[in-house]
Amino acid sequence: MQTSEARQREPAGAVPLRRADARRNHERVVAAAIEVFAELGPQATVPQIAARAGVGKATVYRSFPAKEDLVEAIARLRLEELERGMQAALGETGPDRAFHTYVLRLFENLARDRLLAERLAEATSPAAGSVLTVLSELMQAAKASGTVREDATSLDLRVILCGAALQLMAVAERDPAVWRRYGELVLQALRP
């Protein structure tokens, strides 16, 4: 318990530091949620995540008051990881290679992560929106270099890319090589 003197030293609006065991439990919940959502998508349940983390449901709900809070936090985390991983590769190539590389790596990642695939395909998540924005910007740069058809729009990209992802999920495809092949087909559809 904090003393009144310790509370007075905290800046206004500061969140009190969590106990070490609470931080460890939170980290276990996040790690378990990443695994379970990657396997099962957003249909995974809080009890499944709690069991994988080795904690009770109440422990999950302390950090994430609603399941959707947990789903969105994990989707945002995974999409941020994907974007960070892509930035290094994108900085090394021109706009045509950057778009090509981004699309293929995205499909490879989607094959391994059901939550990421569903969130991107549905484009309902703010985090998914940022990935689609990056893809659109890369497509516009590739279009300027002549490697993407002039009439291609962001909507075209979303329909083709997300449509392929939705169908691959519908047939329960998990092989990254198959997903990569469809990434190639998406790229082919956008070539001049």
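What this report covers is the structure whose coordinates are included nearby. Note that the structure is a prediction, hence the values are computed from the model and not measured.

Procedures and definitions
Residues numbered from 1 in each chain as written. Predicted model: local features only at pLDDT ≥ 70, side-chain atom pairs only at ≥ 80, totals over all residues. Heavy atoms only, no water. Salt bridge = Lys/Arg side-chain N within 4 Å of Asp/Glu carboxyl O. Helix = DSSP H or I, 4+ residues; strand = E, 2+ residues; numbered from the N terminus. Buried < 20%, exposed > 50% of the residue type's maximum accessible area, 1.4 Å probe, protein only. Expected span 1.5 Å × (residues − 1). Arc of directions from axis to C-beta. Core = buried A, V, L, I, M, F, W, Y, C linked by side-chain atoms within 4.5 Å. Contact = heavy atoms within 4.5 Å. Polar contact = N/O pair within 3.5 Å; in protein donor to acceptor, adjacent residues only side chain to side chain.

### Side note on the pattern of salt bridges
Next, step 1: Tallied over the full model, the rule gives eleven salt bridges.
Next, step 2: Arginine 78 is the salt-bridge partner of aspartate 113, the closest N and O atoms lying 2.7 Å from each other. In this pair, aspartate 113 sits in the loop between helix 6 (95-112) and helix 7 (114-122) while arginine 78 sits in helix 5 (residues 67-91), placing the two residues 35 residues apart along the sequence. Each member of the pair, aspartate 113 together with arginine 78, is buried.
Next, step 3: The network of salt bridges with common partners includes Glu68, Glu72, Arg76 and Arg119.

### Describing helix 9 (residues 154-170)
Next, step 1: Along its 17 residues, helix 9 runs 24 Å from first to last C-alpha, staying within 8% of the 24 Å computed at 1.5 Å per residue.
Next, step 2: Leu157, Leu161, Cys162, Ala164, Ala165, Leu168 and Met169 are the residues of helix 9 that are buried. Along the long axis of helix 9, the arc covered by the buried residues comes to 150°, so they all point the same way. Every exposed residue of helix 9 that faces more than 90 degrees away from the buried side is listed here: Leu155, Val159, Gln167 and Ala170.
Next, step 3: Alanine 172, located one to two residues past helix 9, shows a positive phi value of around 60°.

### Observations regarding the nonpolar core
Next, step 1: Formed by 37 residues in total, the largest nonpolar core has its most connected members in Phe99, Leu135, Leu161 and Trp179.
Next, step 2: Going through the elements one at a time, helix 5, helix 6, helix 7, helix 8 (126-144), helix 9 and helix 10 (176-190) are the ones with two or more residues in this core.
Next, step 3: Sort the elements by how many residues they give to this core and helix 6 lands first, with nine residues.
Next, step 4: Dropping the residues within four chain positions of it, tryptophan 179 is found in contact with Phe107, Leu110, Ala111, Ala117, Ala165, Leu168, Met169, Glu173 and Arg174.
Next, step 5: Judged by nonpolar contacts, the second largest core, of 20 residues, contains Ala33, Ala53, Val60 and Phe64.

### As for helix 10
Helical geometry: 3.6 residues make up each α-helical turn, so side chains three or four residues apart lie on a common side.
Next, step 1: Compared with an ideal rise of 1.5 Å per residue, which puts 15 residues at 21 Å, helix 10 spans 21 Å between its outermost C-alpha atoms and is within 8% of the ideal.
Next, step 2: Sitting at the amino-terminal end of helix 10 is aspartate 175, which places a side-chain oxygen 2.9 Å from the backbone nitrogen of alanine 177.

Structural measurements only, silent on function.
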